[in-house]
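Each chain, written out:
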Amino acid sequence: MSINIPRGTQDILPGTVEKWQHIEKITTEICRNYQYKEIRTPIFEHTELFQRGVGDTTDIVQKEMYTFTDRGDRSLTLRPEGTAAVVRSFVENKMFGDPNQPVKLYYNGPMFRYERPQSGRYRQFVQFGVEAIGSEDPAIDAEVLALVMDIYKTAGLQKVELVLNSLGDKDSRVAYRNALIEHFQPRIGEFCEDCQSRLEKNPMRILDCKKDREHELMKSAPSILDYLNEYSRTYFEKVQSYLTALGIDFTIDPTLVRGLDYYNHTAFEVMSRADGFGAITTLCGGGRYNGLVSQMGGPDVPGIGFAFSMERFLAAMEAEGIAWEDDNRLDCYVVSLGEEAKDYTVKLVHDLRTAGIKAERDYQNRKMKAQFKAADRLQARFVAILGEDELKENKINIKDMETGEQQEIALDQFVETLRKKMEEK
Ligand code: ATP
Ligand code: MG
């Protein structure tokens, strides 16, 4: 019996992997322009890191972690997200001492969550994310938002919407928290069990509940924006005015919350508005986390970041019907005829490749016609034909597959001639 792939995971096969590489190229280039540097942290961490860094009351920690005990009796967890590990590394490597502040980092790698698999929801998925740690300037909030929108725009996505909110600073949140408790308490019995336990622990997360979304008290709930103090309101206005100056559209949704205690000020999501994108429309989530670094044992420095999954990014591109030129097309297929010519192409194809030309030959002992067919399948720009006679006369035939034009050239000039022809293309 054969063994199948685990539920909620996927193989990314040739033909699809090029799409991933295309996006990775965009993210890498844009991060370079914005001066974010890559960080790579382990796939597993101490379980405690996520309990503390993601939060005990979150779905991730309560229901979704892949936690195991290793042979040394340590509790380890496959990382469910990137921020906690980046902050751990920031503290552990004392990056707060780096004269270049804020420290601007990005990551790209697999994350693991035990969720019910469905479209756009996997148990292993790949997140790209950035963190800017060490600045509480609304300009850095605007920069992080500009960076993610730049990535989507460069990939050709048009039907994306940036949704923005402010959670205010600590004082604003305490005032808002009390207002929420007052609002929900009298009728909390009508809400799900999760919401009932959220009321005392973290009432903001009630607004994020997927089960009780339609309850009338959700719609009449007080708005955080009415509870922002002077500093928080000014901060939020600054972020908005920077975005406007950058020509970045956004909408404000006062019910957008990120429920962790250390989240504050800017919170945001990017949604896909493309038809046929499916039920889950969130492409990206992020926000400011000014209390996290100190909670993880570092100094009291502020931070902001976001993460999106490659899987949902690709689904959005598909929904918008975005295609692009795949530049991995074969340059030259070398067809050979007869044993001696065949032997000769071993070195010939190697010479083409080391000269930077994408080259291929036959390894199946195919007849000439079948070799031509293979060249067609690979969409070769040129086909070179080497027979016994040509070999004796130190010649080779080149056929331009786009124009049909054929040419006989000296074998020792072949690589150089082809290189020039490719440059002309
Ligand atoms: P959701 O509400 O969809 O569960 P979340 O709040 O759990 O999202 P975050 O933890 O904020 O998501 O992660 C940021 C992004 O990572 C999401 O916006 C989404 O693009 C992606 N993401 C999260 N979970 C998954 C998953 N199981 N499979 C694929 N992508 C995911
Ligand atoms: Mg989730």
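Refer to the structure presented above.
Residues numbered from 1 in each chain as written. Chains lettered and ligands numbered in written order. Predicted model: local features only at pLDDT ≥ 70, side-chain atom pairs only at ≥ 80, totals over all residues. Heavy atoms only, no water.

Remarks on helix α1 (residues 17-34)
Note on helix geometry: an α-helix contains 3.6 residues per turn, so any two residues three or four positions apart are oriented the same way.
Part 1 of the argument: Relative to the 26 Å expected for 18 residues at 1.5 Å per residue, α1 spans 26 Å between its end C-alpha atoms, a close match to the ideal helical length.
Part 2 of the argument: Taken together, the buried positions of α1 are Glu-18, Trp-20, Ile-23, Ile-26, Thr-27, Ile-30 and Cys-31.
Part 3 of the argument: Taken together, the buried residues of α1 touch β5 (103-112), β6 (124-133), α5 (138-154), β11 (303-309) and α11 (310-319).
Part 4 of the argument: Count one or two residues on from α1 and you reach Gln-35, which has phi positive near 65 degrees. (Helix = DSSP H or I, 4+ residues; strand = E, 2+ residues; numbered from the N terminus. Expected span 1.5 Å × (residues − 1). Buried < 20%, exposed > 50% of the residue type's maximum accessible area, 1.4 Å probe, protein only. Contact = heavy atoms within 4.5 Å.)

Details of empty space enclosed by the protein
Rolled over the atoms, a probe with the dimensions of a water molecule shows which regions are left empty.
Part 1 of the argument: Summed over all chains, the structure comprises one cavity of 30 Å³ or more.
Part 2 of the argument: What the largest cavity holds in volume is close to 30 Å³.
Part 3 of the argument: What lines the largest cavity is Thr-41, Arg-79, Glu-81, Gly-82, Ala-85, Val-86, Tyr-107 and Met-111.
Part 4 of the argument: Where the lining of the largest cavity is concerned, the elements lending two or more residues are α4 (83-92) and β5. (1 Å grid on protein atoms, 1.4 Å probe; cavity = no way out; pocket = protein on both sides within 12 Å on 5 of 7 lines; lining within 4 Å. Points joined across faces, edges and corners; volume = space filled by probe spheres on them.)

Re the pairing of β11
Part 1 of the argument: Burial analysis of β11 places seven of its seven residues in the buried class, the great majority of the element.
Part 2 of the argument: Side chains Gly-303, Gly-305, Ala-307 and Ser-309 project from β11 onto one buried face, and the interleaved Ile-304, Phe-306 and Phe-308 project onto a second face that is buried too.
Part 3 of the argument: For β6 and β11, the ladder comprises seven bridges, and the chain directions are antiparallel. Paired with Gly-129 across the bridge in β11 is Ala-307.
Part 4 of the argument: Of the strand pairs in this sheet, strand β10 (residues 282-288) and β11 are connected by five bridges, and their pairing is antiparallel. Across the sheet, residue Gly-287 finds its bridge partner in β11, namely Gly-305. (Pairing = 2+ DSSP bridges.)

Digging into the environment of His-215
Part 1 of the argument: Looking at where His-215 falls in the secondary structure, it is placed in the loop between α7 (193-201) and α8 (216-219).
Part 2 of the argument: Note on His-215: relative accessible area 14%, which makes it buried.
Part 3 of the argument: With 96 residues separating them along the chain, His-215 and Ser-119 place their C-alpha atoms 26 Å apart.
Part 4 of the argument: Within the local environment of His-215, its side chain forms a polar contact with the backbone nitrogen of Leu-217, the two atoms lying 3.0 Å apart. (Polar contact = N/O pair within 3.5 Å; in protein donor to acceptor, adjacent residues only side chain to side chain.)

Observations concerning the sheet that holds strand β15 (residues 395-400)
Part 1 of the argument: One open sheet accounts for five strands, arranged β13-β12-β14-β15-β16; its pairing is mixed. Since the sheet does not close on itself, it has two edges, and those belong to β13 (359-361) and β16 (406-410), each with one partner. Strand-to-strand twist across the sheet, computed as the mean angle between neighbouring axes with direction ignored, equals 25 degrees.
Part 2 of the argument: The pairing of strand β12 (residues 332-336) with strand β14 (residues 382-386) spans five bridges and is classified as parallel. For Val-334, the partnering residue across the bridge sits in β14 and is Ala-384.
Part 3 of the argument: With respect to the sheet, helix α13 (residues 368-377) is in contact with β12 and β14, its orientation differing from that of β12 by roughly 175 degrees. (Axes fitted to C-alpha atoms, helices over the stretch in contact; angles between N-to-C directions.)

Topic: the site of ligand 1
Part 1 of the argument: Around ligand 1 lies a shell of 16 residues, among which Glu-115, Arg-121, Tyr-122, Leu-283 and Ser-309 are the nearest.
Part 2 of the argument: The contact in question runs from an oxygen atom of ligand 1 to an N or O atom on the side chain of Arg-121, over 2.8 Å.
Part 3 of the argument: Arg-312 places a side-chain nitrogen or oxygen 3.1 Å from an oxygen atom of ligand 1.
Part 4 of the argument: For ligand 1, whose unbound accessible area comes to 580 Å², protein coverage reaches 85%.
Part 5 of the argument: Looking at the shell around ligand 1, the elements with two or more residues in it are β6, β10 and β11.
Part 6 of the argument: By residue class, the composition of the shell around ligand 1 is five nonpolar, five polar and six charged. (Near = heavy atom within 4 Å. Areas by Shrake-Rupley, 256 points an atom, 1.4 Å probe, with all protein chains shown as cover. Nonpolar A, V, L, I, M, F, W, Y, C, P; charged D, E, K, R; others polar.)

Points about the side chain of Thr-58
Part 1 of the argument: Examined against the element boundaries, Thr-58 turns out to sit in the loop between α2 (47-53) and α3 (59-64).
Part 2 of the argument: A polar contact of 3.3 Å, which involves the side chain of Thr-58, links it to the backbone nitrogen of Val-61.
Part 3 of the argument: With residues up to four places along the chain from it excluded, the contact list for Thr-58 reads Arg-205 and Leu-260.

A look at the layout of surface pockets
Part 1 of the argument: Counted as a void, the second largest pocket has a volume near 400 Å³.
Part 2 of the argument: If you trace the second largest pocket, you find 22 residues lining it, with Tyr-122, Glu-311, Arg-312, Leu-314 and Ala-315 closest to the centre.
Part 3 of the argument: Element by element, the count of residues in the lining of the second largest pocket is highest for α11, at six residues.
Part 4 of the argument: Tallied by class, the residues present in the lining of the second largest pocket amount to 10 nonpolar, seven polar and five charged.

So, the side chain of Asn-264
Part 1 of the argument: Within the secondary structure, Asn-264 is located in strand β9 (residues 264-272).
Part 2 of the argument: We classify Asn-264 as buried; its relative accessible area is 10%.
Part 3 of the argument: Looking at Asn-264, its side chain comes within polar contact range of the main-chain nitrogen of Asn-290, at 3.2 Å.
Part 4 of the argument: Excluding residues within four positions of it along the chain, Asn-264 makes contact with Leu-167, Gly-168, Asp-169, Arg-173, Arg-288, Tyr-289, Asn-290 and Gly-291.

Overview of the environment of Trp-20
Part 1 of the argument: The topology assignment puts Trp-20 in helix α1.
Part 2 of the argument: Look at Trp-20 and you get buried, because its relative accessible area is 6%.
Part 3 of the argument: Between the C-alpha atom of Trp-20 and that of Ile-385, which follows or precedes it by 365 residues, the distance is 35 Å.
Part 4 of the argument: Excluding its chain neighbours within four sequence positions, the residues that come into contact with Trp-20 are Gln-10, Ile-12, Val-126, Met-310, Glu-311 and Leu-314.

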